[in-house]
Amino acid sequence: MTVSVVIPAYNEAPTIERLLRRVASVPVDKEVIVVDDGSTDGTRGLLEKLEERGLIDRLLLHDRNRGKGAALRTGFARATGDVVIVQDADLEYDPGAIPALLGPIADGRADAVYGSRFMGGPRRVLFFWHTVGNRFLTLLSNAFTNLNLTDMETCQKMIRTELLQSLPLTVDRFGIEPEITARLAQAGARIYELPISYDGRSYAEGKKIGWKDGFAAIWFILRCNLAGPRPRPWEGREPPPA
């Protein structure tokens, strides 16, 4: 199976080359799609050089910063692999987890696989209230979707491409995470979780999400679960031959 690795990037000049070299070393058949979301710190020029060096298969550019959700939707629309995985550019999530996350989809058990930061994998010790907030948002999402996820907000999600491209996604910013989960649940997709490592970064190191995004996530959980557009039911097609 071919994996489309979709990487949204906004002002990630310190980490993007290291991340792309890690992605290149992952032993799966893949295409690497990077969406620069209006960076102003030199990321765009660096990405153009990295594309010339063969570390990027498809570089997509936004003329202004539109938000993570908008960048992901741009990347999802251009994906041609059998599955898509979201890979943040800041090195918090290890692309080395990709082969393990692919397993339940490749053997026909899952339509989507979430890498959970709260299932026992190694992780950097950081913010208590961020953890509380993530667990609360997951609980609230689960109450509406009737799923038993441990980490709805994880940024390392792998989804069958045909399924993902059928979801009516509209959110531009970080609310894309609860929107994807709500639409997958509404479509009847089979979701698995696996433990992953997590090397979170501090605000001094460039972390962008904040408390305002947490309150926004509550709104998006409510909106996406109680209002449309809803996806068509997913028929659970078998994966193509490996």
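So, a few notes on the structure that sits alongside this text. (Residues numbered from 1 in each chain as written. Predicted model: local features only at pLDDT ≥ 70, side-chain atom pairs only at ≥ 80, totals over all residues. Heavy atoms only, no water.)

This brings us to the overall build of the protein chain. From N to C terminus, the protein chain includes eight helices and seven strands. Looking at the 242 residues of the protein chain, the share that counts as buried comes to 53%. For the protein chain, long-range pairs separated by at least 24 residues make up 81% of all intrachain contacts whose partners lie at least 6 apart in sequence. Carbon and sulfur atoms make up 54% of the accessible area of the protein chain, which amounts to about 10900 Å² in all. (Helix = DSSP H or I, 4+ residues; strand = E, 2+ residues; numbered from the N terminus. Buried < 20%, exposed > 50% of the residue type's maximum accessible area, 1.4 Å probe, protein only. Contact = heavy atoms within 4.5 Å. Areas by Shrake-Rupley, 256 points an atom, 1.4 Å probe, with all protein chains shown as cover.)

This part covers empty space enclosed by the protein. By rolling a water-sized probe across the atoms, one finds the places where empty space is left. Enumeration over the complete set of coordinates arrives at one cavity of 30 Å³ or more. Roughly 30 Å³ of volume is contained in the largest cavity. F76, V84, V86, K157, I159, L164 and I180 together form the lining of the largest cavity. Breaking the lining of the largest cavity down by element, the ones donating at least two residues are β4 (83–86) and β6 (157–160). Of the residues belonging to the lining of the largest cavity, the class tally is six nonpolar, no polar and one charged. (1 Å grid on protein atoms, 1.4 Å probe; cavity = no way out; pocket = protein on both sides within 12 Å on 5 of 7 lines; lining within 4 Å. Points joined across faces, edges and corners; volume = space filled by probe spheres on them. Nonpolar A, V, L, I, M, F, W, Y, C, P; charged D, E, K, R; others polar.)

With that settled, the discussion passes to the side chain of Q186. Looking at the element boundaries, Q186 is found in helix α7 (residues 176–187). Q186 sits in the buried class, given a relative accessible area of 17%. Among the polar contacts listed, one links the side chain of Q186 to the side chain of R183, at a separation of 2.9 Å. A polar contact is formed between the side chain of Q186 and the backbone oxygen of C224, at a distance of 3.0 Å. Excluding its chain neighbours within four sequence positions, the residues that come into contact with Q186 are C224, N225, R230 and P231. (Polar contact = N/O pair within 3.5 Å; in protein donor to acceptor, adjacent residues only side chain to side chain.)

Our next topic: the pattern of salt bridges. Under the counting rule described, the total for this entry stands at twelve salt bridges. For R53, the salt bridge goes to E17, with nearest N and O atoms at 3.3 Å. Linking R53 in the loop between α2 (43–52) and β3 (58–62) with E17 in helix α1 (residues 16–24), this pair joins segments that are 36 residues apart in sequence. The network of salt bridges with common partners includes K68, D88, K157 and E177. (Salt bridge = Lys/Arg side-chain N within 4 Å of Asp/Glu carboxyl O.)

What follows deals with the sheet that holds strand β2 (residues 29–37). On the basis of which strands lie adjacent, the open sheet formed by seven strands has the order β3-β2-β1-β4-β6-β5-β7 and mixed pairing. Each end of this open sheet is capped by a strand with a single partner; those strands are β3 and β7 (191–195). Across the sheet, the axes of successive neighbouring strands diverge by a mean angle of 20°, strand direction being ignored. In this structure, β2 lies alongside β3, joined through five bridges in parallel fashion. Each residue of the ladder has a partner; that of I33, found in β3, is R58. With respect to the sheet, helix α3 (residues 68–78) is in contact with β1 (2–9), β2, β3 and β4, its orientation differing from that of β2 by roughly 140°. With respect to the sheet, α7 is in contact with β5 (112–116), β6 and β7, its orientation differing from that of β6 by roughly 40°. (Pairing = 2+ DSSP bridges. Axes fitted to C-alpha atoms, helices over the stretch in contact; angles between N-to-C directions.)

This brings us to the packing of aromatic side chains. Taken as a whole and assessed by the stated rule, the structure comprises one aromatic pair. Positioned over the ring face of F118 is R135, at 4.4 Å from the centre of the ring. For the cation-ring pair, K157 lies above Y114, with the distance from its terminal atom to the ring centre recorded as 4.9 Å. (Phe/Tyr/Trp six-rings, centres within 6.5 Å; stacked < 30°, edge-to-face > 60°. Lys NZ or Arg CZ within 6 Å of the ring centre and 35° of its normal.)

What follows concerns the environment of A110. Within the secondary structure, A110 is located in the loop between α4 (98–106) and β5. Exposure remark for A110: the relative accessible area of 0% places this residue in the buried category. Considered as a pair, A110 and I159 are 49 residues apart in the sequence and their alpha carbons are 8.8 Å apart. Contact partners of A110, with chain neighbours within four places excluded, come to P104, I105, R160, R190 and Y192.

Right, let's talk about unusual backbone geometry for a bit. Phi at N11 is positive, roughly 55°, even though this residue is not glycine. Within the fold, N11 resides in the loop between β1 and α1. Of note, N146 is a non-glycine position whose phi angle comes to about 60°, a positive value.

A word on a negative patch on the surface. There is a patch of like negative charges on the surface, built from E48, E51, E52 and D57. Relative accessible area serves as the criterion here: at 33%, E51 is assigned to the partly exposed category. (Patch = residues over 30% accessible without salt bridge, like charges linked within 9 Å, V, L, I, M, F, W, Y side chains within 5 Å. Lys, Arg positive; Asp, Glu negative; His and termini not counted. Charge placed at Lys NZ, Arg CZ, Asp CG, Glu CD.)

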